[in-house]
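Examination of the molecular architecture
Below, each chain spelled out in residue letters.
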Amino acid sequence: MAAEADMKVPPAHSAMVYDEPGSVSLQRRIVKTPMPGHGQVLIRITHSGICHSDHGVMTHAWKWLARRIEPGQVGGHEGVGSIVKLGSGTEASGLRLGDRIDRVMKKIMIHDCGVEEFLALEAYSMGLQRQYEVVQAVRKLTDGLGVAAAVVCTGEASAYTWGFECLRFNGTLVVVGVQQGDETPICSASPNAFLFHQRRIVGSSVGNRLDAIEVMRLAARGIVKPHFTLRSLEELGDIFEEMEREELLGKVVVEVL
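Please read these numbers as outputs of a predicted model, since none were measured by experiment.

Thresholds, definitions, all that
- Residues numbered from 1 in each chain as written.
- Predicted model: local features only at pLDDT ≥ 70, side-chain atom pairs only at ≥ 80, totals over all residues.
- Heavy atoms only, no water.
- Helix = DSSP H or I, 4+ residues; strand = E, 2+ residues; numbered from the N terminus.
- Buried < 20%, exposed > 50% of the residue type's maximum accessible area, 1.4 Å probe, protein only.
- Contact = heavy atoms within 4.5 Å.
- Areas by Shrake-Rupley, 256 points an atom, 1.4 Å probe, with all protein chains shown as cover.
- Pairing = 2+ DSSP bridges.
- pLDDT = per-residue confidence, 0-100.
- Phe/Tyr/Trp six-rings, centres within 6.5 Å; stacked < 30°, edge-to-face > 60°.
- Lys NZ or Arg CZ within 6 Å of the ring centre and 35° of its normal.
- Core = buried A, V, L, I, M, F, W, Y, C linked by side-chain atoms within 4.5 Å.
- Right-handed = clockwise from strand over helix to strand, strands pointing away.
- Arc of directions from axis to C-beta.

A count of helices and strands for the protein chain gives 6 helices and 11 strands. Classification of the 257 residues of the protein chain by burial places 32% in the buried group. Relative to all contacts within the protein chain whose residues are 6 or more apart in sequence, the contacts with residues 24 or more apart total 63%. Put simply, the protein chain shows about 16,000 Å² of open surface, and 55% of that area lies on carbon and sulfur atoms.

A few words now on the side chain of Ser53. With respect to the secondary-structure elements, Ser53 resides in helix α1 (residues 52-58). Relative accessible area serves as the criterion here: at 13%, Ser53 is assigned to the buried category. Leave out the neighbours within four places in its chain, and Ser53 touches Trp62 and His77.

The next thing to look at is the sheet that holds strand β2 (residues 26-32). Here we have 3 strands laid out as an open sheet, ordered β2-β1-β4, and antiparallel in their pairing. The two strands at the open ends of the sheet, each matched to only one other strand, are β2 and β4 (73-74).

A few words now on unusual backbone geometry. Phi is positive for Asn170, close to 70 degrees, though the residue is something other than glycine. Relative to the assigned elements, Asn170 resides in strand β8 (residues 167-175). Non-glycine residue Gln198 carries a positive phi angle of around 55 degrees. Inspection of the secondary structure puts Gln198 in the loop between α4 (191-197) and β9 (200-203). Its relative accessible area of 37% is what places Gln198 among the partly exposed residues.

Further remarks concern the confidence of the model for the protein chain. With 87% of its residues at a pLDDT of at least 70, the protein chain reaches an overall mean of 81. The secondary-structure element of the protein chain with the lowest mean pLDDT is strand β6 (residues 100-102), recorded at 73, while β8 shows the highest, at 92. For the stretch residues 1-6, pLDDT sits under 50, and the model shows 8 contacts to residues farther than four places along the chain or on other chains.

Using the criterion set out here, one finds 1 aromatic pair in the structure. Ring plane angle 50 degrees and centroid distance 5.6 Å describe the contact between Phe164 and Phe194, whose orientation is recorded as tilted. Of the two residues, Phe164 is situated in helix α3 (residues 157-165) and Phe194 in helix α4; the sequence distance between them amounts to 30 residues. For Phe194, a relative accessible area of 31% corresponds to the partly exposed category. One residue, Arg199, lies across the ring of Phe164, its end atom 5.2 Å from the ring centre.

Bringing the nonpolar core into the picture now. Ranked by internal contacts, the top residues of the largest apolar core, which has 14 residues, are Leu26, Ile50, Leu233, Leu236, Phe240 and Val254. Elements that contribute at least two residues to this core include exactly β1 (12-18), α6 (236-244) and β11 (251-255). Setting aside chain neighbours within four positions, we find Val254 in contact with Thr46, His47, Ser48, Ile50, Leu230, Arg231, Ser232, Leu233, Leu236 and Ile239. Grouped together as the second largest cluster of nonpolar side chains are 9 residues, Ala150, Ala159, Tyr160 and Ala193 included.

Moving on, we get to the pairing of β8. Strand direction decides the pairing type here: strand β7 (residues 147-152) and β8, joined by 5 bridges, are parallel. Looking at β8, one finds that Val152 is bridged to Val175. In this view, the connection linking β7 to its parallel neighbour β8 by way of α3 has right-handed handedness. Sheet topology note: the β8/β9 ladder contains 4 bridges and is parallel. Looking across to β9, one finds that Val175 is bridged to Gly203.

Among the residues of α6, those classed as buried are Leu236, Ile239, Phe240, Glu242 and Met243. One side of α6 carries all its buried residues, which in axial view fall inside an arc of 160 degrees. Residues of α6 that are buried in the fold lie against β1, β2, α1, β10 (228-232) and β11. Once α6 finishes, Glu246 follows within two positions and takes phi at roughly 60 degrees, a positive value.

Our focus in this paragraph is the pairing of β1. As defined by bridge partners, β1 adjoins β2 across 7 bridges and the pair is classed as antiparallel. Paired with Val17 across the strands is Gln27, a residue of β2. In this sheet, β4 lies alongside β1 in antiparallel orientation, the contact comprising 2 bridges. By the bridge assignment, Tyr18 is partnered in β4 with Gln73.

Here is the structure:
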């Protein structure tokens, strides 16, 4: 572990900021380096996952937000890096300079995490026909019963409709993805579906630190293998445009240099 004297913290650093909020527009700028306050640490980010919520906040697609971001906002919330400065009140925390800090909470888990079947959406028709084909494929794989639970990680309304229709009797739809734009109800969630099929809808907005540690341990043991694409920070604008066109399949992580 490096000593505090070895950790050089520059007064300013390079960052990608939202220069024209309301659209996909980013600019690399030199911004002031913040100093950690009481109970805080300063982390030098090396990698960051790209979340659809970053796009939603940047483009003002989350209309329910009470306050829109201002020009110059630095985005991102899935950073990974190392501690370069400790604030006061952290002496008993167990944290040390140079410690690696991981805050990526979401992982793309396909075959390697124990999933028995994987359906590639590009193999199905477009539009409403795709929805019908996917639901039928899921039911065929489950002997006509449907799944016990469907976890929807995208904010697309159609995905919630598909997930709800894939449920078996007494099944649960787990809401994770945040809707952008005008909020729309799940069109297949009729009162009769709850009454006669005993289905449930629950929300899960975030995990906790223990959840993250357990997932990281599974990955370290090779039980879970995250599937992602590593790209450069300069490609961030392209990544958001691809996200907007619904061309991204899986997780994207950018390397911060």
